[in-house]
Amino acid sequence: MYAQMVQSEATAEDPEKLAAFQARIDAGEKIEPKDWMPEGYRKTLIRQIGQHAHSEIVGQLPEGNWITRAPTLERKAILLAKVQDEAGHGLYLYCAAETLGVSRDELTEMLLDGRMKYSSIFNYPTLTWADMGAVGWLVDGAAIMNQVPLQRTSYGPYSRAMIRICKEESFHQRQGYSIMMKMAQGTPVQKKMAQDALNRFWYPSLMMFGPSDKDSVHSAQSMKWKIKMNTNDDLRQKFVDQTVPQAEFLGLTVPDETLRWNEDKGGYDFAEPDWSEFFDVIQGNGPCNTERLAARNKAWDDGAWVREGLMAHAAKKRAAKLAAE
Amino acid sequence: MTDQTALFEYLLRLGDNTLVLGHRVSEWCGHAPVLEEDIALANTALDLIGQTQMWLGLAGEVEGSGRSADDLAMHRDVWDFRNLLLVEQPNGDFGQTLMRQCLFDAFHLELLTDLTRASDDRIAAIAAKALKEVTYHLDRSSETVIGLGDGTEESHRRMQAALDLLWPYVGEMFTPDAVDDAMLAAGIAPDLKALRARFDTRIDAILTEATLTKPDSTYAQSGGKTGFRHSEHLGHMLTQMQWLQRAYPGAAW
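Residues numbered from 1 in each chain as written. Chains lettered and ligands numbered in written order. Predicted model: local features only at pLDDT ≥ 70, side-chain atom pairs only at ≥ 80, totals over all residues. Heavy atoms only, no water.

Another aspect to go through is the overall build of chain A. Across its full length, chain A holds 13 helices and two strands. Its C-alpha atoms give chain A a radius of gyration of 21 Å, within 12% of the compact-globule value 20 Å for 325 residues. Dimensions of chain A along its principal axes, counting C-alpha atoms only, are 70 × 50 × 35 Å. When contacts within chain A are restricted to residue pairs at least 6 apart in sequence, those whose partners lie at least 24 apart make up 79%. By element, 55% of the accessible surface of chain A is carried by carbon and sulfur atoms, the whole surface being about 13900 Å². For chain A, the distance from the average position of its 39 positive side-chain charges to the average position of its 44 negative side-chain charges is 6 Å. (Helix = DSSP H or I, 4+ residues; strand = E, 2+ residues; numbered from the N terminus. Rg over C-alpha atoms; globule rule 2.2 N^0.38 Å. Contact = heavy atoms within 4.5 Å. Areas by Shrake-Rupley, 256 points an atom, 1.4 Å probe, with all protein chains shown as cover. Lys, Arg positive; Asp, Glu negative; His and termini not counted. Charge placed at Lys NZ, Arg CZ, Asp CG, Glu CD.)

Following this line, the structure appears as structure tokens:
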């Protein structure tokens, strides 16, 4: 999963230092944690990596929703492995964010009290088994589209985390597509489930790239810093061009009557998602915003005694070791 | 009981234990107290489901009626399940989940160790693979039980409550019946009395370090591994686990 609508921070530092920093980025050098960096670069990255990490964590929930109902042992094992990967991605990303001077607990607090966001796609419900296919195929597919270029991002720890994450995400997308294949080639009811899942996840997946950013100053700054590598529109176009033939192969219909191949641009023309829905979901009014955040808060609150217990035990052991020395 | 029937029953016990516990642990997904625990719980569940595929796969083969591991998992009702009562107990809080895990892991580790020397090569091979995973499971569950038992006042209280709640389900693991006797005679399963002694040594050491008190009672609930009387909890688990297969018979997934 990934971060959406991250606005880059303005920065007001010594122009000479800024120019030298920009020159390093332009030369393709990686910025490492101990290097000098503009405050705006640091803050934007914290927000972006943190949001990405939160998306991985909240993203466990819609898929976890089906682990106990997976139809076969193999599907259950694959889904468990996938959700475990997501938690692992969250862990690498929090570690990458920590190199910028923020702790995982601070980031968690900001997620739980709503100061930080996670990808809005996880505020949609998973209603049938076909949704496990659609999430892998479309949602992970959209995420990969965004993440592959981020392997080349200027911040070293982020770039290295993305390289590991991308390897696993491509497996996730394939398993999603494999579920869709089974459903699309299955009984009439299974095919109906597959079509229904595509109908519900198509536009929210297009929204994952964010609104058009052609006039956004923030995007321009992030692109200059190589924190953002492509425009939202470019990535969305690429996603549609890749996904439409896959839907055709499945024998499913993309829920967009205006969808047409455009020979001149060498890509599809397609309908924009309803951006008012996108902003509603970001504002907290999506179908599952309340449940998702409540589930994370409950896990954190219910787990407080566990964290405190284990910390207290570790402190006792340290004290005993010191006393013995 | 023929040897073949006893072997089938025995394999169901092995596979149903890992299936039911794997399912229970997977219920935690995304809700653990800390990210590392989410990962570890998913990993444990994944190992157990993998072991289920092997045990139930072999059970189907031994039965010889063409039932696959999935058929056995998804199309039997409560009375045909042969798991221990311990593993079907609800998760409760994190402490209860980890206490259940630790008690089962300590038994499972000793059992698998002996099964690696089973006279049936197929069983020995599965046990050898599972043993590697279960060694890690016990390391982790025992460390957590120790950490929480010897943590804060609250964590200690919760772990003692979990131990008191689950202790009556320990005895069933070591109470032999006709199936266990037949497997012992066939050179497959270990002597459960000897296993109990090794289990006690392990568990006593863990509980001592965790500053927890082993309950005095030796009363043991029973009825899980024979299938005679499961708890009410198992049926609810099956309604979830088997729902898709039951609602859409004949579909491939």
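Now that the structure is up, let's keep going.
Moving on: the confidence of the model for chain B. Mean pLDDT for chain B: 97, with 100% of residues reaching 70 or above. The ipTM, which scores confidence in the relative placement of chains, is 0.96 for this predicted complex, and the corresponding pTM is 0.95. (pLDDT = per-residue confidence, 0-100.)

Another aspect to go through is the pattern of salt bridges. In a structure, side chains of opposite charge can pair up when their charged atoms sit close to one another. As enumerated under the stated definition, the model contains 37 salt bridges over all chains in all. Residues E36 of chain B and R104 of chain A are paired through a salt bridge, measuring 2.5 Å at the closest nitrogen-oxygen approach. Of the two residues, E36 of chain B is situated in helix 2 (residues 35–63) and R104 of chain A in helix 5 (residues 104–112); the pairing between them involves two chains. Connected through shared salt-bridge partners, E110, D114, R117, R198 and R202 of chain B make up one network. (Salt bridge = Lys/Arg side-chain N within 4 Å of Asp/Glu carboxyl O.)

A separate point is the interface of chain B and chain A. Accessible area lost upon the coming together of the parts is a frequently used measure of interface size. With 48 residues of chain B in contact, the opposing surface of chain A contributes 46 residues. Counting across the interface, chain B meets chain A through 14 residue pairs in polar contact (both at pLDDT 80 or more). Mapped onto the side of chain B that touches chain A, the elements with two or more residues apiece are helix 1 (3–26), helix 2, helix 3 (69–74), helix 5 (94–115), helix 6 (121–149), helix 7 (153–166), helix 11 (232–241) and helix 12 (243–247) of chain B. With 11 residues, helix 2 of chain B is the single largest residue contributor to the side of chain B that touches chain A. Partitioned by chemical class, the residues of the side of chain B that touches chain A number 25 nonpolar, 15 polar and eight charged. (Polar contact = N/O pair within 3.5 Å; in protein donor to acceptor, adjacent residues only side chain to side chain. Nonpolar A, V, L, I, M, F, W, Y, C, P; charged D, E, K, R; others polar.)

Bringing the environment of R307 of chain A into the picture now. Its place among the elements puts R307 of chain A in helix 13 (residues 304–324). Beyond its immediate stretch of four places on either side in the chain, R307 of chain A contacts W300 of chain A together with P33 and V34 of chain B. Within polar-contact distance, the side chain of R307 of chain A engages the backbone oxygen of W300 of chain A at 3.0 Å.

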